[in-house]
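As a plain string of letters, each chain reads:
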There are 6 protein chains.
Amino acid sequence: VRLAIINPTTTAAFASKNLEAAERVAAAGTEILSVTVASGPPSIEDHLDEAVAAVAIVEEIQRLEAQAVNAYVIACFGDPGIWAAREITDAPVIGIAEAAFHAVTIVATHFSVVTTLGRTRVMCEHLLHIFGFAHRCRRIRAVEVEVLALEDTGLVTFNAIEEECRKALDEDGSDALVLGCAGMADLSVRLQDRLGVPVIDGVASGVKLVESLVALGYGTSKRGDLAAPLPKTYSGRFAFLSPTRAYQG
Amino acid sequence: VRLAIINPTTTAAFASKNLEAAERVAAAGTEILSVTVASGPPSIEDHLDEAVAAVAIVEEIQRLEAQAVNAYVIACFGDPGIWAAREITDAPVIGIAEAAFHAVTIVATHFSVVTTLGRTRVMCEHLLHIFGFAHRCRRIRAVEVEVLALEDTGLVTFNAIEEECRKALDEDGSDALVLGCAGMADLSVRLQDRLGVPVIDGVASGVKLVESLVALGYGTSKRGDLAAPLPKTYSGRFAFLSPTRAYQG
Amino acid sequence: VRLAIINPTTTAAFASKNLEAAERVAAAGTEILSVTVASGPPSIEDHLDEAVAAVAIVEEIQRLEAQAVNAYVIACFGDPGIWAAREITDAPVIGIAEAAFHAVTIVATHFSVVTTLGRTRVMCEHLLHIFGFAHRCRRIRAVEVEVLALEDTGLVTFNAIEEECRKALDEDGSDALVLGCAGMADLSVRLQDRLGVPVIDGVASGVKLVESLVALGYGTSKRGDLAAPLPKTYSGRFAFLSPTRAYQG
Amino acid sequence: VRLAIINPTTTAAFASKNLEAAERVAAAGTEILSVTVASGPPSIEDHLDEAVAAVAIVEEIQRLEAQAVNAYVIACFGDPGIWAAREITDAPVIGIAEAAFHAVTIVATHFSVVTTLGRTRVMCEHLLHIFGFAHRCRRIRAVEVEVLALEDTGLVTFNAIEEECRKALDEDGSDALVLGCAGMADLSVRLQDRLGVPVIDGVASGVKLVESLVALGYGTSKRGDLAAPLPKTYSGRFAFLSPTRAYQG
Amino acid sequence: VRLAIINPTTTAAFASKNLEAAERVAAAGTEILSVTVASGPPSIEDHLDEAVAAVAIVEEIQRLEAQAVNAYVIACFGDPGIWAAREITDAPVIGIAEAAFHAVTIVATHFSVVTTLGRTRVMCEHLLHIFGFAHRCRRIRAVEVEVLALEDTGLVTFNAIEEECRKALDEDGSDALVLGCAGMADLSVRLQDRLGVPVIDGVASGVKLVESLVALGYGTSKRGDLAAPLPKTYSGRFAFLSPTRAYQG
Amino acid sequence: VRLAIINPTTTAAFASKNLEAAERVAAAGTEILSVTVASGPPSIEDHLDEAVAAVAIVEEIQRLEAQAVNAYVIACFGDPGIWAAREITDAPVIGIAEAAFHAVTIVATHFSVVTTLGRTRVMCEHLLHIFGFAHRCRRIRAVEVEVLALEDTGLVTFNAIEEECRKALDEDGSDALVLGCAGMADLSVRLQDRLGVPVIDGVASGVKLVESLVALGYGTSKRGDLAAPLPKTYSGRFAFLSPTRAYQG
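Residues numbered from 1 in each chain as written. Chains lettered and ligands numbered in written order. Predicted model: local features only at pLDDT ≥ 70, side-chain atom pairs only at ≥ 80, totals over all residues. Heavy atoms only, no water.

### A word on the state of the cysteines
For the structure shown, the criterion picks out zero disulfides over all chains. Counting only cysteine sulfurs, E:Cys76 is the nearest neighbor of E:Cys181, a cysteine outside any disulfide, at a range of 7.2 Å. With relative accessibility at 9%, the residue E:Cys181 sits in the buried group. Cysteine F:Cys137 shares no disulfide, and the gap to the nearest cysteine sulfur, in F:Cys124, comes to 5.9 Å. (Disulfide = S-S within 2.5 Å. Buried < 20%, exposed > 50% of the residue type's maximum accessible area, 1.4 Å probe, protein only.)

### Concerning the interface of chain D and chain E
Many descriptions give the size of an interface as the accessible area lost when the pieces come together. In this complex, chain D contributes 50 residues to the contact, which on the side of chain E involves 50 residues. Between chain D and chain E, a total of about 3900 Å² is buried, with carbon and sulfur atoms accounting for 56% of that surface. Looking only at chain D, the three residues that lose the most surface to chain E are D:Ile106, D:Tyr218 and D:Arg223, adding up to 20% of its buried area. One salt bridge in this structure joins D:Asp175 and E:Arg223, with 3.1 Å as the shortest N-O distance. Scanning the region where chain D abuts chain E turns up 24 residue pairs in polar contact (both at pLDDT 80 or more). Among the elements that make up the side of chain D that touches chain E, the one with the highest residue count is helix α8 (residues 202-216) of chain D (eight residues). (Contact = heavy atoms within 4.5 Å. Buried area = accessible area lost by both parts, 1.4 Å probe. Salt bridge = Lys/Arg side-chain N within 4 Å of Asp/Glu carboxyl O. Polar contact = N/O pair within 3.5 Å; in protein donor to acceptor, adjacent residues only side chain to side chain. Helix = DSSP H or I, 4+ residues; strand = E, 2+ residues; numbered from the N terminus.)

### Comments concerning the side chain of F:Asp79
Residues and elements named next belong to chain F. Here Asp79 is to be found in the loop between β3 (71-74) and α3 (82-87). A distance of 2.9 Å separates a polar atom in the side chain of Asp79 from the backbone nitrogen of Ala97. Discounting residues that sit within four places of it in the chain, Asp79 has contacts with Gly95, Ile96, Ala97, Glu98, Leu127 and Phe131.

### Observations regarding the pattern of salt bridges
Under the criterion given, the structure shown has 108 salt bridges over all chains. Where salt bridges share partners, they join A:Arg139, A:Arg141, A:Glu164, A:Glu171 and A:Asp172 into one cluster.

### Things to note about the relation of the copies chain D and chain C
Overlaying chain D with chain C gives an RMSD of 0.0 Å, the required rotation being 180° about an axis along which the chain moves by 0.0 Å. As the rotation angle and translation indicate, the two copies are arranged about a two-fold axis. For chain D, the residue whose C-alpha comes nearest the rotation axis is D:Ala51, separated from it by 3.5 Å. Taken as a fraction of all interface residues of chain D, those also at the interface in chain C reach 98%, which identifies the copy contact as same-surface. (Least-squares fit on C-alpha atoms with pLDDT ≥ 70 in both.)

### Section: the interface of chain D and chain C
Listed as interface residues are 49 residues of chain D and, on the opposing side, 48 residues of chain C. For the chain D and chain C pair, buried surface summed over both sides reaches about 4000 Å², with 62% attributable to carbon and sulfur atoms. In this assembly, chain D and chain C are joined by eight salt bridges. The interface formed by chain D and chain C holds 26 residue pairs in polar contact (both at pLDDT 80 or more) in total. Looking at the side of chain D that touches chain C, the elements that each hand over two or more residues are α2 (47-65), α3 (82-87) and α5 (121-131) of chain D. A per-element tally of the side of chain D that touches chain C places α2(D) first, with nine residues.

### With respect to the sheet that holds strand β4 (residues 93-95) of chain C
All names here are of chain C. Spatial ordering of the open sheet is given by β2-β1-β3-β4, a layout of four strands whose pairing is parallel. What marks the edges here is a single partner per strand, and that holds for β2 (31-36) and β4. With strand direction ignored, the average angle separating the axes of adjacent strands in the sheet is 20°. Examined bridge by bridge, strand β1 (residues 2-7) and β2 share six bridges and lie parallel to one another. Looking at β2, one finds that Asn7 is bridged to Thr36. (Pairing = 2+ DSSP bridges. Axes fitted to C-alpha atoms, helices over the stretch in contact; angles between N-to-C directions.)

### Some remarks on the confidence of the model for chain A
Per-residue confidence for chain A averages 96 on the pLDDT scale, and 98% of its residues sit at or above 70. Among the scores for the predicted complex, ipTM is 0.97 and pTM is 0.97. (pLDDT = per-residue confidence, 0-100.)

### Description of the arrangement of the chains
When C-alpha atoms are compared, chain A and chain D, though not in contact, are closest at a spacing of 16 Å. Here chain C and chain F are not in contact; the least distance found between their C-alpha atoms is 16 Å.

### Digging into helix α5 (residues 121-131) of chain A
Residues and elements named next belong to chain A. Judged by how many residues are buried, α5 sits mostly within the fold: nine of eleven residues are covered. Among the residues of α5, those classed as buried are Val122, Met123, Cys124, Glu125, His126, Leu127, Leu128, Ile130 and Phe131. Looking at the residues trailing α5, positive phi occurs at Gly132, about 100°.

### Structural notes on the sheet that holds strand β3 (residues 71-74) of chain B
Residues and elements named next belong to chain B. What the four strands build is an open sheet, ordered β2-β1-β3-β4; its pairing is parallel. Whereas interior strands pair on both sides, the edge strands pair on one side only; in this sheet they are β2 (31-36) and β4 (93-95). Each strand axis lies, on average, 20° off the axis of its neighbour in the sheet, ignoring direction. Its contacts with the sheet put helix α1 (residues 12-25) on β1 (2-7) and β2, and the angle it makes with β2 is roughly 165°.

### Quick word on the nonpolar core
Judged by nonpolar contacts, the single largest core of 432 residues is most densely connected at A:Phe101, B:Phe101, C:Phe101, D:Phe101, E:Phe101 and F:Phe101. Ignoring anything within four residues of it in the chain, the contact list for E:Phe101 reads E:Phe77, E:Phe111, E:Val113, E:Cys124, E:Leu127, E:Leu128, E:Phe131 and E:Phe133. (Core = buried A, V, L, I, M, F, W, Y, C linked by side-chain atoms within 4.5 Å.)

### Re the relation of the copies chain D and chain E
For the pair chain D and chain E, the best superposition has an RMSD of 0.0 Å and corresponds to a rotation of 180° with a translation of 0.0 Å parallel to the axis. In this assembly, 100% of the residues forming the interface of chain D have copies in chain E that are likewise at the interface, indicating an isologous arrangement.

### Quick notes on the packing of aromatic side chains
Two numbers describe a pair of aromatic rings. These are the distance of the centres and the angle of the planes. Scanning the model with the defined rule gives 27 aromatic pairs over all chains in all. Both rings, one in A:Phe101 and one in A:Phe133, keep their centres 5.8 Å apart while their planes meet at 50°; by these two values the pair is tilted. Here the residue A:Phe101 occupies a position in helix α4 (residues 96-107), and A:Phe133 occupies one in the loop between α5 and β6 (137-142), the gap between them amounting to 32 residues. Here the guanidinium or amino end of E:Arg237 rests over the ring plane of F:Phe240, the centre of that ring lying 3.7 Å away. (Phe/Tyr/Trp six-rings, centres within 6.5 Å; stacked < 30°, edge-to-face > 60°. Lys NZ or Arg CZ within 6 Å of the ring centre and 35° of its normal.)

### Considering the environment of E:Ala54
Residues and elements named next belong to chain E. Summarising the element assignment, Ala54 is placed in helix α2 (residues 47-65). With relative accessibility at 7%, the residue Ala54 sits in the buried group. In this structure the C-alpha to C-alpha distance between Ala54 and Ala85, which are 31 residues apart in sequence, comes to 8.4 Å. If sequence neighbours within four positions are ignored, Ala54 has contacts with Pro80 and Gly81.

### Thoughts on the environment of A:Tyr218
Here A:Tyr218 is to be found in the segment after α8 (202-216). A C-alpha to C-alpha distance of 7.3 Å links A:Tyr218 and A:Pro92, two positions 126 residues apart in sequence. Setting aside residues no more than four positions away along its own chain, A:Tyr218 makes contact with A:Pro92, A:Leu213, F:Val107, F:Ser188, F:Gln192, F:Val199, F:Ile200, F:Asp201 and F:Ser205. Within the structure, A:Tyr218 has its side chain in polar contact with the backbone nitrogen of F:Asp201 (distance 2.8 Å).

### Observations concerning the packing of α4(A) against α8(A)
All names here are of chain A. Interaxial distance between α4 and α8 falls to 8 Å at its minimum, and their mutual angle equals 80°. Judged by the angle between their axes, α4 and α8 are roughly perpendicular. Where α4 approaches α8, its residues Ile96, Ala99, Ala100, His102 and Ala103 are matched on the opposing element by Gly202, Val203, Ser205, Gly206 and Leu209. Among the residues forming the contact of α4 with α8, the class breakdown is six nonpolar, four polar and no charged. (Parallel < 35°, antiparallel > 145°, perpendicular 65-115°, else oblique. Nonpolar A, V, L, I, M, F, W, Y, C, P; charged D, E, K, R; others polar.)

### Considering the side chain of E:Asp225
Relative to the helices and strands, E:Asp225 resides in the segment after α8 (202-216). An unpaired buried charge is present at E:Asp225: no salt bridge exists, and D:Arg138, the closest side chain of opposite charge, is 4.6 Å distant. A distance of 2.4 Å separates the side chain of E:Asp225 from the side chain of D:Thr109, its partner in a polar contact. If near-sequence neighbours (up to four positions away) are discounted, E:Asp225 is found in contact with D:Thr109, D:His110, D:Asp175, E:Glu87, F:His47, F:Arg119 and F:Val122. (Lys, Arg positive; Asp, Glu negative; His and termini not counted.)

### Focus on the pairing of strand β3 (residues 71-74) of chain E
All names here are of chain E. Burial of β3 is two-sided: the residues Ala71 and Val73 facing one way and the residues Tyr72 and Ile74 facing the other way are all buried. Two elements, strand β1 (residues 2-7) and β3, share four bridges in a ladder whose sense is parallel. Considered in β3, the bridge of Ala4 is made with Tyr72. Where β3 lies against strand β4 (residues 93-95), three bridges are found, and the strand directions are parallel.

What follows is the structure, encoded as structure tokens:
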């Protein structure tokens, strides 16, 4: 399996975290490419960041398709561009929010999400709604820390996250936690050790899920809703993304 | 009111249709700008088209903000980029799908959507889900005609659309129709005359809705979920969209 | 446009508030009739009040139909008689709760309602459920003030409402507010100025929505669910409402 | 138990059917009053009929409260006035649609409704939504027969109903049926015999449900949402319904 | 009516409580059998207890079918084995959670559940979800008392339950209460007297509901989902349950 | 990883199919135990079969816990006993329905299920409801073939299944398929080759999912809802399952 984790921010530190999280869990035969998009926002914290990141991700996947990549993880908790990404490849693609939701609902009946800024809650809610896990999520909690503060997570931030996790267990009726940011990928093991409940990191979860799908022989359905984009010529700044030739397998 | 209708495709014919639809219904004091994005797909029929269009729309709104525009309509039935658009302005913004859903649910208890390609159904379903109108929509029907066939709608296409509308009334238990594409904006009056039920065009509906919101003094909430994007520096291709200075009112 | 706002209480002060709210926002060509029902409760605060008001509204619309009215707003936040009203006219009809929900969901992702008595919460919940906005409403808050206290809103009541609004913003995760009573129509501008978020008044919103529908050429569908009532002879006290001749266009 | 079945139409034949249906199943100690409203529509087939019937029912219950009635059944499948009725008495009150839904979901996982006119479907859908049984109902089927045709159901109508019931079993994946009109109360036994599945009549079901609640000692909660209406003076035509003295137990 | 209440625990005290609760409300002609399963857990507080109890219940019903029982109540608030039980008899069968939900939603718009251990909440949530009452239940509250503490409820436990009931009324916006354990069957009358709102006991409610269904002539549908189990030979420890001959009426 | 696939029927052929399906996809380091329950039904096709199988599964897991198994798959599409199973181990446990739903929703937006008997549809619907995938499933189709006909699937049965799959693609608006029975585990590759869309087998999917969870370090949460069963002594036939000593890790 040749698996690409796409860091849709331009902050390289997150790609390092992704790689580390992936290598800890990847199967022997899995080759991990941890790539950072060429263009875009340094962190993804609002709808504008997400909209821009979605196109940056598409560009990256278009490039990676030529390198025989056969599994993709989008390493941002808003799963930006997930549907477009699934159109332009027949490899399995997952975002880390959806990955975390799949993982956590197998090991607990209800969970809380602990994320960075409160304003990202609405994106998480939209995903829970579309994916169907809304009734399994008791609450989305924010520590009100900007994503870049997680570039190299210090003790103060770690403590704030741990405290919010403990509140989730005490107050929400949740029995497992989901970390709501790729920048927290390196914290899940430590938090799980301290809290004694599953603390889900979507990056590692995503790696195992798409790796599994490849082993199972299941790729993105190319019939109907996620079929390759219709060939057409894009204009101007987006000409380079034109699905004229690229995606028709 | 200075109202911009953004045609998020690069096909100018759609902007003409939008303008015509808007002028038919706009209030005396409303100035309509019908603008076409500089870059992007010629038509929007899949998730990739939508992802690209979302950024093209954002770029356009960023530009229009400098021209004292105080109401926006996104003239594509997938409402691409709607949340990002709402972040970068305090003017009201609406997509034509949401606009049509608001209008139709006031004049009928249940409706059907008649759209172009079947593969766009999933986008419509996601919107119905998020906006809350799923239980009011009996069925989404596709005539399986590409969007560009609506550039200048001929009789064959018109007849196919009318036939699908009649089926919706006869088979779905719907009492009103929503046209699922900005390219059908010029057909609603004619269809309504022939069918005797409300046939909703989202472009005109969107114009009246945002015009109304301006009159009411309600702009996009700048607190919380839709506050201005956090200032940061985007890299590479998207540097020009950096919310560093632009959106901080 | 000849637009009637029906005050379904017998308290004339509310009709004055409605008129003022409407005139502030109505289009140049719109003639506003602010009418008070001849019979019924002085305020609407429970299911019995609503049931009675529904018939009073129907009687009023029956009378107004003869006066070429072509748009109706029902100025009570429980939207009493809305479906019956829509049957007996082909003009667009809206209640102020539904109107407020349409308006607020365009300018914010989530809202709270601030209403009078806690016992009216259940009516609001039923409407949110039927109209589809339940997941957009974070909480319904009551100031526990009787509706007639809003006949001429004093400072104590205003302060109580403002305080509840502030709590909604601080505690509910809402970014906009809906005022849950026609008697609060005169407070929205002042509250919006003080709170800095959209504070939606359903009366003004309703006026703009039905005015828009008239401009758009969309009337209540007369097919199926909302077709004119079947002609029949009512007995006794309700003989005068018999749909024998009146509603068959 | 003194139990009143309220026929909210002015057609006496339905009260006879109600009485017969009730007496077949009532407990030894239950006294049945089958009453017909003094005023209102001869049949209930649309929203206007329902709105009027709601007030007629309230008037009737107000009168019956003085006669020590301690259980009420509203014998119309739209459950008109149900919430107002529950406010003005502390006896248990049920409508025949809700009663049928309670009964059928105990004896089958999924059911279909067979009703009179297609235009009543929307009322049934609203009730299923509010009461929570929407996911248990596979389909609402209409035989397109007016309610008064059931005054004395002939063979043609019976056959049409039976045929629709058979279609429900064959096509809908339903294993039980609900008859969607009080006028069908006399058909359920015969249909059940012929079809071999539960065929639920809401009138008889309602009688047993409220009779049971009385035996259990559970009356309508007089706290909060269904507390007695606030005392106030109604004007004009509705003065007689004023909750000034009547409902304060 | 020959009605069996099955105590799915091996603790005889609960059968006594069930009998007492039933006899207080049963109709004159109803013969109550209060039976305790031969095998299984002494109390039901988790999923394992429930899984085991489900089979114990099935065994008991299999045995009771030979004794002309024609109505069953499963006296555990998790409604264990309800669907299997409904398959193996054509008599009506109800669990006490479902019974309580039916009863409470007729006398109040919203309710809270007060139960024993917090870990049983998830079972209650699953039932609310499947039966459709989730939106009517404001909150599930646990007093964190083990079920066996209710064998002979002392004052301390009673007080804890009453206090939790009062909190439900004060904090949840509920106007009626459901007692979430068969072991609380003897407390409902006392609590209702003290609290002044309906306090629903599922045991008594279940008795009246199935008694009613028998009177109505409605048994479990033997078509489709709940038809008699397919005849087959079970092996090993479960051979005795083989549906080879037993359930084919 | 030591992974047990539990065949909850007593038909050994299904264990062979499970083993084959598992070995095709398992990671190098995974040891597969394909075990058949000692007692129970030969096939699982109704609620009674499921209730019995649930206990048989619990017994088997109890036994396997002593053998250092650290991942479980329950190989029946009704996921019998899933919650009890999760209580009695801290290893991850998955049923094949849930596993299939997780897998299919990553590679397609909507799917259909093709299963054996129509009467199993309701179990599938309950699972879709609880797990949250109901809105992703377009339709559940049955070929009306008994499960044991899949012991050694002949051409006639295969053709019937393939034909139903094709209908699902043509008529349902689904772009992927889920095979609704462990007995179909050997058909998915062949069907996928012929149909050109993902055809999901829950057995293989389950193997990869729990294998992944072990690699990720996520076990079943032992806090709250799925904590080890409370120690107590079961009586009679079920004494051997008493959670007195066994599950307290």
